[in-house]
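Observations on the model geometry
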Amino acid sequence: MNVTLITGGSSGIGAAAARLLLERGHRVAVTGRDRDRLDRFAESCGNPGTLLPLVADAADPDAMRSVVDATVERFGRLDAAVANAGFATPDSVVDGDPARWRDMVLTNVLGPAVLIRSSVGALKATRGRIVLVGSVAGFIHTPGNLYGATKWALTGLAENTRRAVTADGIGVTLIAPGRVGTAFWDDLGGPPEGGTLTADQVAESIAWAIGQPPGVDVNTVTIRPIGQPV
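What you are looking at is a predicted structure, and each value in this text was computed from that prediction instead of being measured. (Residues numbered from 1 in each chain as written. Predicted model: local features only at pLDDT ≥ 70, side-chain atom pairs only at ≥ 80, totals over all residues. Heavy atoms only, no water.)

Right, let's get into the sheet that holds strand β3 (residues 51-55). Taken in spatial order, the seven strands make up an open sheet running β3-β2-β1-β4-β5-β6-β7, and their pairing is parallel. The open sheet has two free edges, formed respectively by β3 and β7 (220-223), since each of these has just one partner strand. Strand-to-strand twist across the sheet, computed as the mean angle between neighbouring axes with direction ignored, equals 15 degrees. On top of the sheet, helix α5 (residues 146-165) reaches β5 (129-133) and β6 (171-177); it is set at about 165 degrees to β6, its chief contact. (Pairing = 2+ DSSP bridges. Helix = DSSP H or I, 4+ residues; strand = E, 2+ residues; numbered from the N terminus. Axes fitted to C-alpha atoms, helices over the stretch in contact; angles between N-to-C directions. Contact = heavy atoms within 4.5 Å.)

Here it is in structure tokens:
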């Protein structure tokens, strides 16, 4: 059975991906900063022995090293690391509140880099995969959007990482969703008009990337709801 570690795995896309992989027989470790939310997620999955919920800040290098160590100790290996943790602030670099930006930038940019650094040794051993959950906002400019800038950074990080680890047999995939109907929008005034993807639909793309045959490296997957114009 494959072993996958997902940051921000107690809700939204991360939780949907964890459930899907568990249903397909994977062993899954998920991280989150809120123990109660992690416990509720585990209970909703039936507390299977194939799920390992771990409290950790995705941007904390020491915490993420401990998470990888705990995952390998529990399940014996690591086959995929999914950098999913992230959030947005509902403001602009022109007139927003800089006090709100630090955690977003750390989580969205430093967090994936920390996961890569923490997991690459274990992934070399299995010739595994790194999956980074980016966004269409990492390809399309929007006025004053610092969240979008963090996703542009993640787009660059994906290719930079691929070039660094491909000789070690590690695959790197950037999954870039468009609008997704999750709690992501709760602090942003709700989703824009038009259709949205579901977390389950994005989870299918993550699982597809993880399940590619050995020797195949799918690098960028952009997934939008039909009707999204940009």
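Glancing now at the pairing of β3. Counting buried residues along β3, four of its five residues qualify, which places the element largely inside the surrounding structure. In this region the chain leaves strand β2 (residues 27-32), passes through helix α2 (residues 35-44) and returns to the parallel neighbour β3; the handedness of that crossover is right-handed. (Buried < 20%, exposed > 50% of the residue type's maximum accessible area, 1.4 Å probe, protein only. Right-handed = clockwise from strand over helix to strand, strands pointing away.)

Attention shifts here to the environment of Gly 215. Of note, Gly 215 is situated in the loop between α6 (199-210) and β7. Each C-alpha atom of the pair Gly 215 and Arg 127 lies 9.1 Å from the other, and the pair is 88 residues apart in sequence.

Right, let's get into α5. With 20 residues, α5 should cover 28 Å at 1.5 Å per step; its first-to-last C-alpha distance of 28 Å lies within 8% of that length. Listed as buried for α5 are Tyr 147, Gly 148, Thr 150, Lys 151, Leu 154, Thr 155, Ala 158, Thr 161 and Val 165. End-on view of α5: buried residues confined to an arc of 155 degrees, all on one side of the axis. Within α5, the exposed residues directed more than 90 degrees away from the buried face are Asn 160, Arg 163 and Ala 164. Its buried side turned inward, α5 meets α4 (101-126), β5 and β6. Measuring from the backbone nitrogen of Tyr 147 back to the side-chain oxygen at the start of α5 gives 3.0 Å, which picks out Asn 145 as the cap. (Expected span 1.5 Å × (residues − 1). Arc of directions from axis to C-beta. Polar contact = N/O pair within 3.5 Å; in protein donor to acceptor, adjacent residues only side chain to side chain.)

Right, let's get into the nonpolar core. Core analysis: the biggest nonpolar cluster contains 32 residues, and Ile 6, Val 28, Val 30, Ile 175 and Ile 206 have the highest contact counts within it. Elements with a contribution of two residues or more to this core: α1 (12-23), β2, α2, β4 (80-83), β5, α6 and β7. The leading source of residues in this core is α1, at eight residues. Setting aside chain neighbours within four positions, we find Val 28 in contact with Thr 4, Ile 6, Ala 18, Leu 21, Leu 22, Thr 50, Leu 51, Leu 52 and Phe 75. Ranked by size, the runner-up nonpolar core spans 28 residues in total, among them Val 3, Leu 54, Val 120 and Leu 132. (Core = buried A, V, L, I, M, F, W, Y, C linked by side-chain atoms within 4.5 Å.)

A separate point is the packing of helix α3 (residues 61-75) against α4. Contact pair α3 / α4: the axes reach a minimum separation of 9 Å and the direction vectors enclose 30 degrees. With respect to α4, the axis of α3 lies roughly parallel. For the element pair α3 and α4, the recorded crossing hand is right-handed. Along the contact surface, α3 presents Pro 61, Met 64, Arg 65, Val 68 and Val 72, while α4 presents Val 114, Leu 115, Ser 118, Ser 119 and Ala 122. (Parallel < 35°, antiparallel > 145°, perpendicular 65-115°, else oblique. Left-handed = near helix turned anticlockwise from the far one by under 90°.)

Functional significance is not addressed by these values, which are geometric in nature.
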